[in-house]
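Here is how the chains run, residue by residue.
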Amino acid sequence: ARKAHIEGTVVLCADISKDGEIKNLRAVAGPPELIPPSIEAVNQWRYKPYLLNGQVVEVSTEIKVNYALEHPRK
């Protein structure tokens, strides 16, 4: 993707389990070339468990992964 100068934002949806692991990760939008590396990276992330009224709960969330190339300064 870098060689092809592809930039953009990949939007993923996932469930965060009670122990903070990513589950049901799926792509919603973004450049097709950037989706596989985004999924691979986000699958390695761990979240702090989400608390609701003092109880740990599973939550669904949207994750945005931004890709921007550095442009040479003039």
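Above this text sits the structure in question.
Just so it is clear, the model here is predicted, and its values are computed rather than measured.

## Quick word on the environment of Asn66
- Note that Asn66 resides in strand β5 (residues 59-67).
- Taking C-alpha positions, Asn66 is 7.9 Å from Glu7, a pair spaced 59 residues apart along the chain.
- Beyond its immediate chain neighbours, meaning those up to four positions away, Asn66 contacts Gly8 and Thr9.

## A closer look at the sheet that holds strand β2 (residues 22-29)
- Reading across from one edge, β2-β1-β5 is the order of the three strands in this open sheet, with antiparallel pairing throughout. Pairing within the sheet leaves two strands with one partner each, and these edge strands are β2 and β5. For this sheet, the mean inter-axis angle between neighbouring strands, taken without regard to orientation, is 25°.
- Bridge count between strand β1 (residues 8-16) and β2: five bridges; the pairing is antiparallel.

## Details of unusual backbone geometry
- Its identity is not glycine, yet Asn24 carries a phi of approximately 55°, on the positive side.
- Mapped onto the elements, Asn24 comes out in strand β2.
- Classification of Asn24 as exposed rests on a relative accessible area of 54%.
- Even without being a glycine, Asn53 presents a positive backbone phi close to 55°.

What counts and what doesn't
Residues numbered from 1 in each chain as written. Predicted model: local features only at pLDDT ≥ 70, side-chain atom pairs only at ≥ 80, totals over all residues. Heavy atoms only, no water. Helix = DSSP H or I, 4+ residues; strand = E, 2+ residues; numbered from the N terminus. Contact = heavy atoms within 4.5 Å. Pairing = 2+ DSSP bridges. Axes fitted to C-alpha atoms, helices over the stretch in contact; angles between N-to-C directions. Buried < 20%, exposed > 50% of the residue type's maximum accessible area, 1.4 Å probe, protein only.

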